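Here is how the chains run, residue by residue.
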Amino acid sequence: AIYGAPSSSIMVTSPNGGQWWSVGSWKTIGWTSRNVTGSVRIEVSRDRGATWVTISASTYNDGRYTWRVTGPSTYSARIRVTSLSTGVSDTSNYSFAIR
């Protein structure tokens with residue numbers, strides 16, 4: 001029997017909460033994806049997800065993106081990765097610090 005298309009998902013793996021990232025350092029944003037094709041958008045929030053700033057409008061969905069961490073500093077940062085083709089997304093489970 002056919003039950004429709006397999007579900008697709010993205011899961012942010014790093015940073016997922018508790019990290020301390022220094023402004024100006026190079027860090028790898030990591031994620032896993034299932035049944036997601038095409039590119040993804042990567043964003044950062046400095047207020048636990050209330051507002052978002054784009055880090056990369058479109059990058060390969062290869063599970064890693066190297067980011068030169070930008071300010072301003074915050075203790076409430078989250079990362080969000082979104083599929084450009086399906087809109088499926090995931091956000092860091094907990095906040096991390098940028099300082």
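Residues numbered from 1 in each chain as written. Predicted model: local features only at pLDDT ≥ 70, side-chain atom pairs only at ≥ 80, totals over all residues. Heavy atoms only, no water.

## Examining unusual backbone geometry
Alright, step 1. Residues S14 and P15 are joined by a peptide bond in cis, for which omega reads 0°.
Alright, step 2. If you trace the backbone, P15 turns up in the loop between β1 (9-14) and β2 (20-21).
Alright, step 3. Residues G71 and P72 are joined by a peptide bond in cis, for which omega reads 5°.
Alright, step 4. One can find P72 in the loop between β6 (64-68) and β7 (74-83).
Alright, step 5. A positive phi angle, close to 55°, is found at N35, a residue other than glycine.
Alright, step 6. Positionally, N35 belongs in the loop between β3 (26-34) and β4 (40-45).
Alright, step 7. Judged by its relative accessible area of 43%, N35 is partly exposed.
Alright, step 8. A positive phi angle, near 60°, is found at R48, a position not held by glycine.
Alright, step 9. Tracing the sequence through the fold places R48 in the loop between β4 and β5 (53-59).
Alright, step 10. Looking at R48, the relative accessible area reads 56%, which means it is exposed. (Helix = DSSP H or I, 4+ residues; strand = E, 2+ residues; numbered from the N terminus. Buried < 20%, exposed > 50% of the residue type's maximum accessible area, 1.4 Å probe, protein only.)

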